[in-house]
Number of protein chains: 2
Amino acid sequence: MPKLEMRAFVLFARKARTAPDFSLNDLPGSGGRLDLVARCITQALWLSHKLRDDASFFAVLNGPPSPPITIAFYASLLQHVSPDERNLASWIKIALEKLEQNPKVKEWIKVQRGIAVMRCGIEELVSDLHSSGFSIYILHERGKDITELEFDFNSCFVLGDHLGLPKKIENFIARKCGAIKVSLGPTSYLASSCIAVVNYLLDRGARSAQSIR
Amino acid sequence: MPKLEMRAFVLFARKARTAPDFSLNDLPGSGGRLDLVARCITQALWLSHKLRDDASFFAVLNGPPSPPITIAFYASLLQHVSPDERNLASWIKIALEKLEQNPKVKEWIKVQRGIAVMRCGIEELVSDLHSSGFSIYILHERGKDITELEFDFNSCFVLGDHLGLPKKIENFIARKCGAIKVSLGPTSYLASSCIAVVNYLLDRGARSAQSIR
């Protein structure tokens, strides 16, 4: 049986609220752009009528009051989760409540099947993903063109929200994890559009590779 | 000055509510998947930090109680509109209210700058776009591979929601407007992902063309 190709997306959400007190009726404001985070989750994990079986998504929340917090979503395990912003944000809220109830736990806390939360930042998260076998790529306008690269079996794409990835973090990930900067071209896209395009290009690449085998 | 390339997306939303009585807190249910419609608008019209200057989006609502209704969004004209589902759905609600206030008008009614609404169905809409100079393409899993096609300057992409485009409408558009079926490959993507990918491929294609000129 062939080994399953895995892909992961890590979003650095600079202002995303790290307490469950935000309003589901105002994700851009009170949630610190949790609408954007939700759209990225949808583009990372969903296909038409089903979830991908190869994708995971990590939202690293860095807004007030207690950053950083990471919430993990594993497509192949998710149940009772819908791809709309309000539903996804409600799961983020539940994850943050779970964390508040377990203030001393330093490991991943299960929120429900396919969703986990941990008090950890992007450096620790990406280092862990790298240690567990993922090749790390940073989506960056000034990176190498994505169509010129061949991707490893387990690829992890790190990207920033509308405010971008801090330079310090870019440098850390490049140095510590050997991350390569990858560009979708000179146009600057929404984070969710970037994820949709990367998924598409990997799907096409994977298929071309299969046809040669 | 070069003529501006235009692109349009037409979404056939089979169950989308055609009265303003839906709840912004339940777009999937009471809105008849208006969450999906909103995500398509975002992927069609937005870039990072700005709106595209070349794109328009037409949501053809076909749910109860009084289908069909088409709402048009012109990226270059939009103001005070955000890319989150709730905000976009609130503009759809306002458009439907405007239509209820003007039951006898048979033309486009301006909702606000960049948004207009009309009581018309997809056949009439796509025929009009074709007459006004757009080449029509139907996004379809069994179409010609998108990477093998060259697109015209003014391209209009027609796609279905999670329930797809009715066969009868496909046939009408093909016969009346010479529409070509275009495929993104064997994977079946979310409508919003399809739009993100088409925009990306057109951007790349347009750039390659420019570099040869």
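Computed from a predicted model, the values in this text were never measured in an experiment.

### Focus: the overall build of chain A
The helix and strand tally for chain A stands at five helices and ten strands. Rg of the C-alpha trace for chain A: 16 Å, near the compact-globule value of 17 Å for 213 residues, within the 12% margin. Its C-alpha atoms put chain A at 50 × 35 × 30 Å along the principal axes. Counting across all 213 residues of chain A, residues that qualify as buried make up 56%. Taking as baseline every contact in chain A between residues at least 6 positions apart, the subset at least 24 positions apart corresponds to 69%. Accessible surface computed for chain A: about 9,200 Å², of which carbon and sulfur atoms make up 52%. Averaging the locations of the 27 positively and 22 negatively charged side chains of chain A gives two centres separated by 2 Å.

### Side note on the interface of chain B and chain A
Facing 36 residues of chain B, the contacting portion of chain A comprises 36 residues. The largest contributions to the chain B side of the interface with chain A come from Tyr189(B), Leu190(B) and Tyr200(B), which together make up 19% of the buried area. In this structure, the connection of chain B to chain A is made through two salt bridges. Between Asp145(A) and Arg204(B) there is a salt bridge, with the nearest N and O atoms lying 2.5 Å from each other. In this structure, the connection of chain B to chain A is made through 19 residue pairs in polar contact (both at pLDDT 80 or more). Within the residue set of the side of chain B that touches chain A, elements represented by two or more residues are helix H1 (34–45), strand S2 (46–47), helix H2 (85–101) and helix H5 (191–212) of chain B. For the side of chain B that touches chain A, the element with the most residues is H5(B), which contributes nine residues.

### Structural notes on the relation of the copies chain B and chain A
Once chain B is rotated about the relating axis by 180 degrees and shifted along it by 0.0 Å, it coincides with chain A to within an RMSD of 0.0 Å. These values place the two chain copies in the arrangement generated by a two-fold rotation axis. Taking the C-alpha atom as reference, chain B places Val197(B) closest to the rotation axis, 2.7 Å from it. Taken as a fraction of all interface residues of chain B, those also at the interface in chain A reach 100%, which identifies the copy contact as same-surface.

### Description of the sheet that holds strand S5 (residues 69–74) of chain B
Residue and element names in this part refer to chain B. Spatial strand order, S6-S7-S5-S4-S1-S9-S8-S10: eight strands in an open sheet with mixed pairing. Bordering the open sheet on either side are strand S6 (109–112) and strand S10 (180–183), each of which pairs with just one other strand. Looking at each pair of strands side by side, their axes are set apart by 30 degrees on average, direction ignored. Relative to strand S7 (residues 115–118), S6 runs antiparallel, the two being bridged by three bridges. If you follow Lys110 over to S7, its bridge partner there is Ala116. Running over the sheet, helix H3 (residues 122–131) touches strand S1 (6–13), strand S4 (55–61), S5, S7, strand S8 (135–145) and strand S9 (154–160) and is turned about 170 degrees from S1.

### What to know about the packing of H3(B) against helix H4 (residues 167–177) of chain B
Residues and elements named next belong to chain B. Interaxial distance between H3 and H4 falls to 10 Å at its minimum, and their mutual angle equals 25 degrees. If you check the angle between H3 and H4, you find them roughly parallel. Note that H3 runs across H4; the crossing there is right-handed. For the pair formed by H3 and H4, the contact residues are Ile122, Glu123, Val126, Ser127 and His130 on the first element and Ile169, Phe172, Ile173, Lys176 and Cys177 on the second. Of the residues assigned to the contact of H3 with H4, the class counts are six nonpolar, two polar and two charged.

### Re the pattern of salt bridges
Side chains that differ in charge, positive against negative, can pair when their charged atoms come close. Residue and element names in this part refer to chain B. What the rule picks out here adds up to 21 salt bridges over all chains. One salt bridge connects Asp35 with Arg39, and the closest N-O pair in it is separated by 3.2 Å. One end of the pair, Asp35, and the other, Arg39, are both in helix H1, four residues apart, so they sit about a helical turn from each other. Side by side, Asp35 and Arg39 carry an identical accessibility label, which is buried.

### Looking at the packing of aromatic side chains
For the structure shown, the criterion picks out 14 aromatic pairs over all chains. Over the ring of Phe22(A) we find Lys93(A); its NZ or CZ atom is 4.6 Å from the centre of that ring.

### As for the pairing of S9(B)
Residues and elements named next belong to chain B. Across the seven residues of S9, seven count as buried, placing the element largely inside the fold. Alternating residues of S9 divide into Asn154, Cys156, Val158 and Gly160 and Ser155, Phe157 and Leu159, and every residue in both groups is buried. Where S1 meets S9, seven bridges bridge the pair, whose relative direction is parallel. Paired with Leu11 across the two strands is Leu159, which belongs to S9.

Parameters and conventions
- For every chain, the first residue of its written sequence is number 1, and the numbers climb from 1 along that sequence.
- Numbering of ligands from 1 and lettering of chains from A proceed in the order in which they are written.
- This being a predicted model, a pLDDT of at least 70 is required before a residue's local features are given, and a value of 80 or more before pairs of side-chain atoms are given or counted; all residues contribute to the totals for chains, interfaces and linings.
- No hydrogens and no water enter the side-chain calculation; it runs on all heavy atoms of the structure.
- Going along the chain from the N terminus, every DSSP run of H or I of four or more residues is numbered as a helix, and every run of E of two or more is numbered as a strand.
- Each radius of gyration reported is based on C-alpha atoms, and the globular scaling rule is 2.2 Å times the count of residues to the power 0.38.
- Only protein chains enter the area calculation, which uses a 1.4 Å probe; residues under 20% of their type maximum are buried, those over 50% are exposed, and those in between are partly exposed.
- Whether two residues touch is decided by their heavy atoms; if any such pair falls within 4.5 Å, the residues are in contact.
- Accessibility throughout is a Shrake-Rupley quantity obtained with a 1.4 Å probe, and a residue counts as covered only by protein chains that appear here.
- His is not counted, nor are the chain ends; Lys and Arg add positive charge and Asp and Glu add negative charge.
- Lysine's charge is taken at NZ, arginine's at CZ, aspartate's at CG and glutamate's at CD.
- Buried area, as used here, totals the accessible surface that two parts lose on assembly, with accessibility defined by a 1.4 Å probe and the loss added over both.
- Every case where a carboxyl oxygen of Asp or Glu lies within 4 Å of a side-chain nitrogen of Lys or Arg is listed as a salt bridge.
- We call two N or O atoms a polar contact when they sit within 3.5 Å, provided that within protein one can donate a hydrogen and the other can accept it, with sequence-adjacent residues counted only if both atoms are side-chain atoms.
- Residues below a pLDDT of 70 in either copy are left out; the C-alpha atoms of the rest, at least 70 in both, set the least-squares superposition of the copies.
- For two strands to pair, DSSP has to find at least two bridges joining them.
- Simply put, an axis is a line fit to the C-alpha atoms, just over the touching stretch for a helix, and the angle between two N-to-C directions goes from 0 to 180 degrees.
- Here roughly perpendicular refers to angles of 65 to 115 degrees, roughly parallel to angles under 35, roughly antiparallel to angles over 145, and oblique to all remaining angles.
- Crossing handedness follows the turn of the near helix against the far one: under a right angle anticlockwise gives a left-handed crossing, and clockwise gives a right-handed one.
- Residue classes follow a fixed rule: Ala, Val, Leu, Ile, Met, Phe, Trp, Tyr, Cys and Pro count as nonpolar, while Asp, Glu, Lys and Arg count as charged, and any other residue, Gly among them, counts as polar.
- When the centres of two rings from Phe, Tyr and Trp lie within 6.5 Å, Trp using its six-membered ring, the rings pair. Their planes under 30 degrees apart give stacked, over 60 give edge-to-face, and anything left gives tilted.
- Here, a charge over a ring is recorded when the distance from Lys NZ or Arg CZ to the ring centre is within 6 Å and its angle to the ring normal is within 35 degrees.

These values are about where atoms sit, not about what they do.
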